[in-house]
Amino acid sequence: MKLNKKQLLKVSISMALAGCLSISSAYAQDEEKRDDSILEEVIVTAQKTEQNLQEVPMSVTAVDGDIMDEIRSGGSDIRFISGRVPSLIVESDYGRVFPRFYIRGLGNTDFDLNASQSVSLIYDDIVMENPILKGFPVFDMDRVEVLRGPQGTLFGRNTPAGIVKFDSVKPSAENDGYIKLGFGRFNQTSIEGAIGGEISPNWSARFSFLHDERGDWVDNKPGLVDPDLNLVNGQANGDGNLEGYAEDAFRFQLAYDGEDFSALFNIHGRDMDGTARVFRANIIKPGTNNFTPEYDRFTVSHDGGNEQIVQSKGFMGKLEWDLDNDMALTSITGYETVEAYSRGDVDGGYGADFLPWSGPTIGLPPIDDVPQDPNYSGIPFPAQTADGIPNHSQFSQEFRISKANDNNFWQAGVFYFDEHLEVDSFNYSDLSIEQQIPPVFDPNATNRAHTGYANQVQDTTAYAVFGQADFYLSDETTLTVGGRWSDESKDYTAAVPMNPFGDPVAPASVSTSAGNFSGNISISHVLDDDTNIYARLARGFRAPSIQGRVLFGGAITVANSETIHSIEAGFKKELFENRARLNASVFYYQMRDQQLTAGSGSANVNQLVNADKTVGYGFETDLTAKLAENTLLTFGLSYNNTEIQDANLTVSPCGAGCTVLDPREEPDNEDNLNVLIDGNSLPRAPRWMSNLILKHIIPLDGGDLVLSTDWAYRSEINFFLYESREFRGDALLEGGLRIAYETEKWAAGFYGRNITNQDKLIAAIDFNNLEGIVNDPRIWGVDFQYNFF
């Protein structure tokens, strides 16, 4: 049965109310079990100091490590968190690397390797600026915090939408550790472990690691061979089956805890070798967003290569001094570096229309005696590209001083950031084109040799001064005021030493420099021992961005700083003597000069534009409840309405024959196909989102039987700035389950992901054909864990 939006909302609200009624009933039944059924206090560092979640005057959701372990079963990458908290979407056109984050509808669909985002990722106190760094694997985690709304005061630039903040398990004097083995569908194998404890007085350490691999599950079909042209597909060049990967990561932490001084050092690294996201040619039925009859989830036919390699490493050092007069000084130093290469068959199929033959919708060459469908528009031109990072370094330094007393708590600091980034872009000729007679490109080229090459260099320097103070106006009321001045400069150079379409293009340079003030003011009030209310006004910004996909004829474009003003109000309440926790917020924001990413519509280029104004409003709710002593429910619901308000903003629509719904800029001018996008919602921004996690423990002799299920729903989304019938994603509901037997020393479990085997269009490429990206199929497996000490 398929639920519409109103039905889903009714079901969601009914589930929440039913949960509350169940709590009330259970509470009244058994007075003696109350102490064993209360919720644990949740401590977060959303304001760079430890606080009870219920006392933080902003919309925050925290997910602990145990829940994360269950959700990411089966080799899930960082995208596992998408939809598992209100208003958060994480997606990627690359695969296991380059995740793109959206909060309250705000994000960035840019696919270039120097792209900035509206959501900042903080991993163990260090900002991960480059999009490849944001994909670092999640393992041995303590918690993740999702901070919604502008966070410019304490976290600075590029946080107008919010922050996703991961914190790993830290070393302690207590000896502990584990080893976990997993085996699943598609030959998935994972080994994860950690061990730590005291190594000498005041010193402790922890080492954790992850090995995860999965076999290919998409078959690059051999296809048919034309004896006259001697054509074969991409399997001949060694890139046959797709979607497999092998990944290793580690983290070593060393901690010192003295009387007036503490230190934490963190060294981490990643090595991933696999395939890039699979693009699928002409899988969308014209005039709809349905799959064509020829679509097969497990089969494609590509004549281009596909590979993806990422290596990264980094260091974090955090030093804290307890000073006189209740003051503390904190220093956080970070260094990150990454190398990456990702290549894919961007047209998603085989051949091209201008060849002596043209392929049907899945890109296969036709059989000679089978006529081509005259209504079918195939692949107009081949597109096989790669992007790589041969050289990258990121350095960050923060000094912060804080003081606490009976009347207030304040903190102030300085921040410095420096990044050097080099990006190489390559164009390749497809194997089917090279074997044509006569060849279209260099007759001496091989499928592994690039036919075009561009280089981009970007240097970014930023610094900031900031401060925030909590003023205790009374025992019940706290006023928080903060501000930050940020300054950032970028120097960008792009060149095309090998132009696939003509003469080399000489280097061109662009520089930007911008300063901006961010700030927030909030007030919170304790109504009673169980209820806090708050209101918050915040301003944030994203620094200017530069983009130049010059290899394919695109110009260097610059987007000015975007600024956001947001107002939010909410309550945080504990129910039934802390057996349930209900937090809710409403918000409204206006963003000026929002940076948006627009494709050309007919070529593989990217350009940046600024929208005059974008508005958004909505609400979020978080419910956590002990339905019974051994039953835990987590439920979230959010609504986000976004709208672009710019009467003059136009973009080029698809070059793939899609049905565009937006009005033309010049309806009578056939040379101008641009469309107006005023009034459109933001791309990848669902209005409705809901999530549910239900966990029940059945005590048995010697251990516990643990049953859990999790579900995430989002309503339909638009893939691009313009609207069309084809490039939309239907509502998506995915669920997971886990059944495990656990003791103090070991555990064994069975898991499933996407257990209803939803097969949906979740993204698209619009410049070449009606090309799409689909979600992963159903995954199942088993895992075993042994706990040391």
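This one's a predicted model, so the numbers in the text were calculated from it and none came from an experiment.

1. Examining the overall build of the protein
1) Next: A tally of regular secondary structure across the protein gives four helices and 41 strands.
2) Next: Expressed as a percentage of the 789 residues in the protein, the buried residues total 59%.
3) Next: Relative to all contacts within the protein whose residues are 6 or more apart in sequence, the contacts with residues 24 or more apart total 70%.
4) Next: Just so you have it, the protein exposes about 30,700 Å², and 55% of that area is on carbon and sulfur atoms.

2. A short note on the sheet that holds strand 7 (residues 126–127)
1) Next: Ordered by their spatial adjacency, five strands build an open sheet running 3-8-9-6-7, and the pairing between neighbours is mixed. Both edges of this open sheet fall to strand 3 (60–64) and strand 7, since each of them pairs with a single strand only.
2) Next: The pairing of strand 6 (residues 119–123) with strand 7 spans two bridges and is classified as antiparallel. Directly across from I122, in strand 7, lies its bridge partner V127.

3. A look at the nonpolar core
1) Next: Membership of the largest hydrophobic core comes to 74 residues, with the highest contact counts inside it found for L88, I132, V164, F166, Y722 and F727.
2) Next: Counting residues per element, this core draws most heavily on strand 28 (residues 580–599), which supplies five residues.
3) Next: Once residues within four sequence positions are removed from consideration, Y722 is found in contact with V651, S652, P653, C654, C658, D662, V675, I677, N680, F727 and D766.
4) Next: Counting 17 residues, the second largest nonpolar core, distinct from the first, contains A46, M58, L147 and F415.

4. Describing the pattern of salt bridges
1) Next: In the structure shown here, the tally under the stated rule is 40 salt bridges.
2) Next: As a salt-bridge pair, R72 and D69 come within 3.2 Å of each other at their nearest N and O atoms.
3) Next: Between K490 and E488 there is a salt bridge whose closest N-O contact spans 3.2 Å. The same class applies to K490 and to E488, which are both buried.
4) Next: What emerges from the salt-bridge pattern is a single network uniting D77, R79, R96, D212, E247 and R270.

5. Details of a nonpolar patch on the surface
1) Next: Side chains of I195, F207, F250, F252, I267, F315, Y335, F395, Y416, Y463 and F789 sit close together on the surface and give an oily, nonpolar patch of about 1,000 Å² of accessible area.
2) Next: Considering the arrangement of structural elements, one finds Y335 in strand 18 (residues 327–345).
3) Next: Taking relative accessible area as the criterion, Y335 reaches 38% and is therefore assigned partly exposed.

6. Some words on the pairing of strand 28
In the case of a regular strand, side chains alternate between the two sheet surfaces.
1) Next: Judged from the 13 bridges that link them, strand 27 (residues 562–575) and strand 28 form a sheet pairing that is antiparallel. Within strand 28, the residue paired with S566 across the bridge is Y589.
2) Next: Here strand 27 folds back onto strand 28 in antiparallel fashion, the turn holding four residues, of which F576 has a positive phi close to 50°.
3) Next: As defined by bridge partners, strand 28 adjoins strand 29 (residues 606–628) across 19 bridges and the pair is classed as antiparallel. Following the sheet pairing, A598 is matched in strand 29 by Q607.

7. Notes on the pairing of strand 4 (residues 88–91)
1) Next: Residues L88 and V90 point to one face of strand 4 and I89 and E91 to the other, with burial holding for every one of them.
2) Next: Sheet topology note: the strand 4/strand 5 (residues 100–103) ladder contains four bridges and is antiparallel. Residue pairing across strands places V90 opposite F101, the latter belonging to strand 5.

8. Points about the packing of aromatic side chains
1) Next: Overall, the coordinates contain 26 aromatic pairs when judged by the stated rule.
2) Next: Each ring, one from F619 and one from Y639, has its centre 6.3 Å from the other, and the planes form 20°; the classification is stacked. A residue pair is termed long-range when its members are at least 10 positions apart, and F619 in strand 29 and Y639 in strand 30 (residues 631–645) qualify at 20 residues.
3) Next: Look at F619 and you get partly exposed, because its relative accessible area is 24%.
4) Next: Its relative accessible area of 16% is what places Y639 among the buried residues.
5) Next: Between the aromatic rings of Y639 and W688, the centroid separation amounts to 4.8 Å while the plane-to-plane angle is 55°, which identifies the pairing as tilted. Residue Y639 is located in strand 30, and its partner W688 is located in strand 33 (residues 688–700); the two are separated by 49 residues in the primary sequence.

9. Side note on the state of the cysteines
1) Next: The full count for this structure, using the stated rule, is one disulfide.
2) Next: Note that C654 is cross-linked by a disulfide to C658, the S-S spacing being 1.8 Å. The sign of the S-S torsion, about -100°, decides the handedness of the disulfide formed by C654 and C658: left-handed.

10. Remarks on unusual backbone geometry
1) Next: A positive phi angle, close to 60°, is found at F98, a residue other than glycine.
2) Next: Position of F98 relative to the elements: it lies in the loop between strand 4 and strand 5.
3) Next: A positive phi angle, close to 50°, is found at E577, a residue other than glycine.
4) Next: The topology assignment puts E577 in the loop between strand 27 and strand 28.

11. Focus on the environment of A454
1) Next: Its location among the elements puts A454 in strand 21 (residues 450–472).
2) Next: The exposure class of A454 is buried, given its relative accessible area of 1%.
3) Next: The spatial distance from the C-alpha of A454 to the C-alpha of F552 is 9.2 Å, given a sequence separation of 98 residues.
4) Next: Apart from residues no more than four positions distant in its own chain, A454 is found in contact with V423, D424, S425, A495, V496, P497, V550 and L551.

12. Things to note about the confidence of the model for the protein
1) Next: In this model, the protein carries a mean pLDDT of 87, and residues with pLDDT of at least 70 account for 86%.
2) Next: Per-residue pLDDT stays below 50 along residues 5–34; that stretch engages in 34 contacts with residues further than four places along the chain or on separate chains.

Parameters and conventions
Residues numbered from 1 in each chain as written. Predicted model: local features only at pLDDT ≥ 70, side-chain atom pairs only at ≥ 80, totals over all residues. Heavy atoms only, no water. Helix = DSSP H or I, 4+ residues; strand = E, 2+ residues; numbered from the N terminus. Buried < 20%, exposed > 50% of the residue type's maximum accessible area, 1.4 Å probe, protein only. Contact = heavy atoms within 4.5 Å. Areas by Shrake-Rupley, 256 points an atom, 1.4 Å probe, with all protein chains shown as cover. Pairing = 2+ DSSP bridges. Core = buried A, V, L, I, M, F, W, Y, C linked by side-chain atoms within 4.5 Å. Salt bridge = Lys/Arg side-chain N within 4 Å of Asp/Glu carboxyl O. Patch = residues over 30% accessible without salt bridge, like charges linked within 9 Å, V, L, I, M, F, W, Y side chains within 5 Å. Phe/Tyr/Trp six-rings, centres within 6.5 Å; stacked < 30°, edge-to-face > 60°. Disulfide = S-S within 2.5 Å. pLDDT = per-residue confidence, 0-100.

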